[in-house]
Amino acid sequence: MGLNRNVSLNTGLQYKGREPMLTFVLHRIGGLGIVVFVGTHILSSFIGGQLGHAGNVVYESWIFQIIIFFCATFHAINGLRITILDLWPPLIEHQREAIWIEFAVFIPLYLIAVYVIIHTALGG
Amino acid sequence: MQVTLKIFRFNPEVDKKWHYETYTLDAPETDRILDLLEKVKGHVDGTLSFRRSCAHGVCGSDALRINGRNQLACKTLVRDTGAKITVEPLLGLKVIKDLIVDMKPFFDNYKTVLPYFINDSPLPADGKERLQTIEQRARFDETTKCVLCAACTTSCPSFWGSETYLGPAAFVTAHRFIFDSRDEAASERLHILSETNGVARCHTVYNCTMACPREIQITKAIGEIKLAMITGKLD
Ligand code: SF4
Ligand code: FES
């Protein structure tokens, strides 16, 4: 009896979990991005020929690099935060501060990388 | 002030799908969301169904999703929510009627972690209490405060994915006994929690900690269980 309500992705994303949930979602997106990047890389080398070359062009493009740098860096820094907190549970009480530190490290790092990528792409 | 209260409605006898109904009420900002629900039930629509008992944050009956976040209706004021309020049942559990969900999977998970004191050793020589130091008692003080409202478990994406995931509330209770110096079944509980549906599926989202009306540091308690599992130490 009762109304079955599987929690759809959309419903789940609407839950107001604030910063920690945001990092959780971005971590998943980051992981997925890395899989796509590595997947395209392997597939392009495996297929070879013109199609493989087209794959290379995609993942080597600066737009793709801006996205993949976001995915990899966020995934790594967030993973580091989770690992540190997992190994020292007393620190978990300061999880909010940990997230602020994470963003304080991630945002400048990412912005510098984006600047370098664009600068290089535009022939710098 | 005037508030608009949008409530999730589902009557299993007539509805195939849920819908929302909106009520406009006059309410001081010191009113609790539970007061608003009582007003609707008492004066507008007596068929509105929801659970409540103590109305003071002790029984854990009225955990609901209020403006998209799990909270106790009796502990949330209009002042905190603003004039636009949406009230929905907890996620991940079947809706029986309106705001009432089927708590069976939640309590089944709870029972899995042996939520009771286990000590088969003979009583101390005086035949009275099993004594404990203040520090030993403080070790698990926080996790004794759970009122089993399910706000934590139903805010957890791992539980949304599968209701067989034991969930934060079960871990909180497990923690309460694992770190109790008088209890003797810690290793048994740690073994249960190391199964597929145990603590390994906690992805440290912190939704549970943020949702807990008793302000229990749930993710920290889970972290301590994870560490105890790895190190085999309970200090
Ligand atoms: S740990 Fe907190 S949120 Fe979870 S059931 Fe207990 S009181 Fe409710
Ligand atoms: S009615 Fe008891 S906790 Fe809210």
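Residues numbered from 1 in each chain as written. Chains lettered and ligands numbered in written order. Predicted model: local features only at pLDDT ≥ 70, side-chain atom pairs only at ≥ 80, totals over all residues. Heavy atoms only, no water.

Chemist: How do you make sense of helix α6 (residues 167-178) of chain B when you look at a structure like this?
Modeler: All names here are of chain B. Taking 1.5 Å of rise per residue, 12 residues should cover 16 Å, and α6 covers 16 Å from first to last C-alpha, within 8% of that figure. Counting buried positions over the 12 residues of α6 gives 12, a clear majority of the element. Contacts from the buried residues of α6 go to α3 (104-112), α7 (186-193), α8 (207-211) and α9 (218-231). (Helix = DSSP H or I, 4+ residues; strand = E, 2+ residues; numbered from the N terminus. Expected span 1.5 Å × (residues − 1). Buried < 20%, exposed > 50% of the residue type's maximum accessible area, 1.4 Å probe, protein only. Contact = heavy atoms within 4.5 Å.)

Chemist: Looking at this structure, how should I read the site of ligand 1?
Modeler: Taken together, the neighbourhood of ligand 1 is formed by 14 residues, with Cys146, Val147, Cys149, Cys152 and Cys212 of chain B sitting nearest. For the shell around ligand 1, the residue count by class is 13 nonpolar, no polar and 1 charged. (Near = heavy atom within 4 Å. Nonpolar A, V, L, I, M, F, W, Y, C, P; charged D, E, K, R; others polar.)

Chemist: Looking at this structure, how should I read the interface of chain B and chain A?
Modeler: How big an interface is tends to be stated in terms of the accessible area lost upon association of its parts. With 33 residues of chain B in contact, the opposing surface of chain A contributes 28 residues. Contact between chain B and chain A buries roughly 2,800 Å² in total, counting both sides, with carbon and sulfur atoms accounting for 64%. Within the residue set of the side of chain B that touches chain A, elements represented by two or more residues are β4 (69-72), β6 (95-97), α5 (157-161), α8 and α9 of chain B. At 6 residues, α9 of chain B tops the list of elements feeding residues into the side of chain B that touches chain A. Among the residues forming the side of chain B that touches chain A, the class breakdown is 15 nonpolar, 11 polar and 7 charged. (Buried area = accessible area lost by both parts, 1.4 Å probe.)

Chemist: Is there a simple way to think about helix α2 (residues 18-47) of chain A in this case?
Modeler: Note that an α-helix has 3.6 residues per turn; residues three or four places apart therefore point the same way. Across its 30 residues, α2 of chain A extends 43 Å between first and last C-alpha, which sits within 8% of the 44 Å expected from 1.5 Å per residue. Restricting attention to buried positions, one finds in α2 of chain A the residues Pro20, Met21, Thr23, Phe24, Leu26, His27, Gly30, Gly31, Gly33, Thr40 and Ser44 of chain A. Summarising the contacts, the buried residues of α2 of chain A are in contact with α1 (9-14), α3 (49-60), α4 (62-87) and α5 (95-121) of chain A together with α5 and α8 of chain B. A positive backbone phi angle near 65 degrees is found at Gly48 of chain A, which sits one or two residues after α2 of chain A.

Chemist: Even after reading the chapter, I still don't get unusual backbone geometry, so can you show me in this structure?
Modeler: A negative phi angle is the norm for most residues apart from glycine, just as the trans form is the norm for most peptide bonds. Residue and element names in this part refer to chain B. Although it is not a glycine, Asn67 adopts a positive phi angle of roughly 45 degrees. Within the element layout of this structure, Asn67 appears in the loop between β3 (63-66) and β4. Of the residues examined, Asn67 reaches a relative accessible area of 23% and is grouped as partly exposed.

Chemist: I tried to follow the nonpolar core on my own but got confused; where do I start?
Modeler: Considering soluble globular proteins, one finds that nonpolar side chains tend to be buried as a cluster. The biggest cluster of nonpolar side chains holds 77 residues, and the ones touching the most others in it are Leu5, Leu36 and Leu37 of chain B. Ranked by residues supplied to this core, first place goes to α6 of chain B with 6 residues. When residues of this core are assigned to domains, at least three fall in each of domain 1 (2-101) and domain 2 (104-231) of chain B. For Leu5 of chain B, the contacting residues outside a window of four places in its chain are Glu21, Thr22, Tyr23, Leu25, Leu36, Leu37, Val40, Ile85 and Val87 of chain B. Membership of the second largest hydrophobic core comes to 10 residues, among which are Leu26, Phe74, Ile99 and Tyr110 of chain A. (Core = buried A, V, L, I, M, F, W, Y, C linked by side-chain atoms within 4.5 Å. Domains from an automatic or database assignment.)

Chemist: Would you mind showing me how to read the domain arrangement of chain B here?
Modeler: Residue and element names in this part refer to chain B. Domain boundaries in chain B define domain 1 (2-101) and domain 2 (104-231). At the interface, 13 residues of domain 1 touch 16 residues of domain 2. Interface area lost by domain 1 to domain 2 is led by Asn70, Leu91 and Leu93, which between them contribute 42%. Here domain 1 is connected to domain 2 by 0 salt bridges. At the surface where domain 1 touches domain 2, the tally comes to 4 residue pairs in polar contact (both at pLDDT 80 or more). A per-element tally of the side of domain 1 that touches domain 2 places β4 first, with 3 residues. Partitioned by chemical class, the residues of the side of domain 1 that touches domain 2 number 7 nonpolar, 4 polar and 2 charged. (Salt bridge = Lys/Arg side-chain N within 4 Å of Asp/Glu carboxyl O. Polar contact = N/O pair within 3.5 Å; in protein donor to acceptor, adjacent residues only side chain to side chain.)

Chemist: Before we go on, may I ask you to explain the environment of Ala54 of chain A in this structure?
Modeler: All names here are of chain A. Locating Ala54 in the fold gives a position in helix α3. On the accessibility criterion, Ala54 (38% relative accessible area) is partly exposed. Linking Ala54 and Ile34, residues 20 residues apart in sequence, is a C-alpha distance of 19 Å.

Chemist: Explain the packing of aromatic side chains here, please?
Modeler: Working definition: an aromatic ring pair is given by the centre-to-centre distance plus the angle between the planes. Scanning the model with the defined rule gives 14 aromatic pairs over all chains in all. A centroid spacing of 5.4 Å and a plane angle of 80 degrees characterise the contact between Phe70 of chain A and Phe106 of chain A, whose relative ring orientation is edge-to-face. Taken together, the positions of Phe70 of chain A in helix α4 and Phe106 of chain A in helix α5 put the pair 36 residues apart, joining distant regions of the chain. Look at Phe8 of chain B and Trp18 of chain B: their rings are 5.7 Å apart centre to centre, the planes differ by 20 degrees, and that puts the pair in the stacked class. Highlighted residues: Phe8 of chain B in strand β1 (residues 2-9) and Trp18 of chain B in the loop between β1 and β2 (19-26), separated in sequence by 10 residues. Relative accessible area serves as the criterion here: at 29%, Trp18 of chain B is assigned to the partly exposed category. Its end group placed over the ring of Phe179 of chain B, Arg139 of chain B keeps NZ or CZ at 4.2 Å from the ring centre. Sitting above the plane of the Phe177 of chain B ring, Arg176 of chain B keeps its charged end 4.3 Å from the centroid. (Phe/Tyr/Trp six-rings, centres within 6.5 Å; stacked < 30°, edge-to-face > 60°. Lys NZ or Arg CZ within 6 Å of the ring centre and 35° of its normal.)

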